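Structure at a glance
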Amino acid sequence: MSAPSAPFRLALAGAGRMGRTHLRALAGHPEVTVTHVVEPVAAAAAQCGLPVCPAVGDLPPDVEGLLVAAPTGYHAEVVGAAVKAGLPVLCEKPAGLTPAQIRASGEAAAAAGVAFQVAYWRRFVPALQCLRERIAAGELGEVLFASAAQWDGAPPAVAFRAGSGGIFVDMGVHEFDELRWLTGQDITSVSAVAAGPVTDPEVRAAGSDVDSAQALLTLSGGATALVSLGRHFPGGDFAGIEVYGTKGHVRLPFLDPAEGDAAMTAALVRQAAAFAELVRTGRGAGAGVADAVAALEAAELSTGSMESLAI
């Protein structure tokens, strides 16, 4: 019997809310271990309880990959530093503020011969994987319509919202990627609207974000889809998908406030394990550069459509 391989040694760049969520999910995991943190804010780094490095280039040579959970505006910079250091990258969505940044990161990673995966965790939810298989097998017949929703329990910090790119970039990219991945269809057109007032006066004055927005999509296979986003959902975070086909219908609320973030943290673990397999074997199941570009392009189109229709 061959001896089990050593845990994959992962470093974390960015010790904010999402970075700490990854740490909590991976704590004690036998296959992937986070060994170091790159974080310039001392107070945030101290919450991690791990050795801190001032920059990506200062990580020890036994680190096998970098998980980028820094704010979106820093994604391209941190990915670039990792690639320069020869480190494979698992980058939180959207992996850049523009499609051009994502493409540039992917090209740099390819030129350096290092793996680059984008962290769309919905792809690692077993119930969604099962739904994708059922759609591909034709169990629901021809897909006619899909409705994907994500409503957060409360808005993020004002500073985060100002630099996040807005609700479709910050939140909606998950739904755009999910719809493409589930149906096997590309997004061909978008029409979006904002709904309701912005509750935070500072955000409202800056005009940097909205509290709720919906986008109606057409897909390349003839289906239509709705993406519904909101920043106020009593009880906690919610996400779900509903698919209507000529032979069947599925309603799947996969992130339920009653269960907290259990579905997400379990998916983060599977995602990290898949990234480790990608680095070590070249085989992976996560989102790549083209997927991230397509999701962000749909987000940009949605934002532009929403703004053009604003009164």
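How each quantity is defined
Residues numbered from 1 in each chain as written. Predicted model: local features only at pLDDT ≥ 70, side-chain atom pairs only at ≥ 80, totals over all residues. Heavy atoms only, no water. Salt bridge = Lys/Arg side-chain N within 4 Å of Asp/Glu carboxyl O. Helix = DSSP H or I, 4+ residues; strand = E, 2+ residues; numbered from the N terminus. Buried < 20%, exposed > 50% of the residue type's maximum accessible area, 1.4 Å probe, protein only. Pairing = 2+ DSSP bridges. UniProt positions renumbered as here; feature names shortened; annotations may be inferred. Phe/Tyr/Trp six-rings, centres within 6.5 Å; stacked < 30°, edge-to-face > 60°. Lys NZ or Arg CZ within 6 Å of the ring centre and 35° of its normal. Expected span 1.5 Å × (residues − 1). Arc of directions from axis to C-beta. Lys, Arg positive; Asp, Glu negative; His and termini not counted. Polar contact = N/O pair within 3.5 Å; in protein donor to acceptor, adjacent residues only side chain to side chain. Contact = heavy atoms within 4.5 Å. Axes fitted to C-alpha atoms, helices over the stretch in contact; angles between N-to-C directions.

1. Some remarks on the pattern of salt bridges
For the structure on display, the rule yields 17 salt bridges. A salt bridge links Asp 211 to Arg 161; the shortest N-O distance between them is 2.7 Å. Taken together, the residues Asp 211 in the loop between helix 8 (201-206) and strand 9 (212-219) and Arg 161 in helix 6 (residues 158-163) connect sequence positions 50 residues apart. One salt bridge connects Asp 209 with Arg 231, and the closest N-O pair in it is separated by 2.8 Å. Of this pair, Asp 209 sits in the loop between helix 8 and strand 9 while Arg 231 sits in the loop between strand 10 (224-230) and strand 11 (238-245), and the two are 22 residues apart along the sequence. As far as burial versus exposure is concerned, Asp 209 and Arg 231 are alike and both buried. Through salt bridges that share partners, Lys 93, Arg 161, Asp 170, Asp 209, Asp 211 and Arg 231 make up one connected network.

2. Here's the deal with the sheet that holds strand 5 (residues 89-92)
The strand order 3-2-1-4-5-6 describes an open sheet built from six strands, whose pairing is parallel. This sheet does not close on itself; its edge strands, each paired only once, are strand 3 (52-53) and strand 6 (116-119). Two strands pair when backbone bridges link them, and strand 4 (residues 65-68) and strand 5 are joined in this way by three bridges, in the parallel orientation. Note that in strand 5 the partner of Val 68 across the bridge is Cys 91.

3. Brief notes about the UniProt feature "domain: Gfo/Idh/MocA-like oxidoreductase N-terminal" (unreviewed entry) in the protein chain
Those residues carrying the UniProt feature "domain: Gfo/Idh/MocA-like oxidoreductase N-terminal" (unreviewed entry) are residues 8-120 in this numbering. The span residues 8-120 carries 35% helix and 24% strand; its end-to-end C-alpha distance comes to 20 Å.

4. Some details on the packing of aromatic side chains
Note on aromatic pairs: each is described by the distance of the centres and the angle between the planes. Counting across every chain of the model gives five aromatic pairs. Above the face of the Trp 121 ring, Arg 122 is positioned so that its terminal group lies 5.0 Å from the ring centre.

5. Structural notes on the UniProt feature "domain: GFO/IDH/MocA-like oxidoreductase" (unreviewed entry) in the protein chain
According to UniProt, the feature "domain: GFO/IDH/MocA-like oxidoreductase" (unreviewed entry) maps to residues 130-250 in the numbering used here. Each end of residues 130-250 is marked by a C-alpha atom, and these two atoms are 11 Å apart; helix forms 30% of the span and strand 35%.

6. Description of the environment of Cys 53
Within the fold, Cys 53 resides in strand 3. Overall, Cys 53 belongs to the buried group, its relative accessible area being 7%. C-alpha of Cys 53 to C-alpha of Glu 39: the two residues are 14 residues apart in sequence and 7.2 Å apart in space.

7. A few points about helix 4 (residues 99-112)
For helix 4, which comprises 14 residues, the first-to-last C-alpha distance of 20 Å matches the rise-based estimate of 20 Å (1.5 Å per residue) to within 8%. All buried positions along helix 4 are accounted for by Pro 99, Ile 102, Ser 105, Gly 106 and Ala 109. Axial view of helix 4: buried residues confined to an arc of 125°, hence all on one face. For helix 4, the exposed residues lying more than 90 degrees away from the buried face are Glu 107 and Ala 111. Immediately beyond the C-terminal end of helix 4, within one or two residues, lies Gly 113, with a positive phi of roughly 75°.

8. Structural notes on the side chain of Glu 92
Tracing the backbone shows Glu 92 in strand 5. Among buried charged residues, Glu 92 stands out as having no salt bridge; its nearest opposite-charge side chain is Lys 93, 5.6 Å away. Engagement of the side chain of Glu 92 in a polar contact is seen with the side chain of His 22, the distance being 2.7 Å. Non-local contacts of Glu 92, meaning those with residues more than four positions away in its chain, are made with Met 18, His 22, Val 68, Ala 69, His 75, Val 118 and Ala 119.

9. So, the sheet that holds strand 10
Spatially, the six strands line up as an open sheet ordered 8-9-10-7-11-12, and their pairing is mixed. Every interior strand has two partners, whereas the edge strands, strand 8 (187-194) and strand 12 (249-255), have only one. Neighbour to neighbour, the strand axes of the sheet diverge by 10° on average, direction disregarded. Where strand 9 lies against strand 10, seven bridges are found, and the strand directions are antiparallel. Along strand 10, the bridge assignment pairs Gln 214 with Ser 228. Packed on one face of the sheet, helix 5 (residues 126-136) meets strand 7 (143-151), strand 11 and strand 12 and runs near 160° to strand 12.

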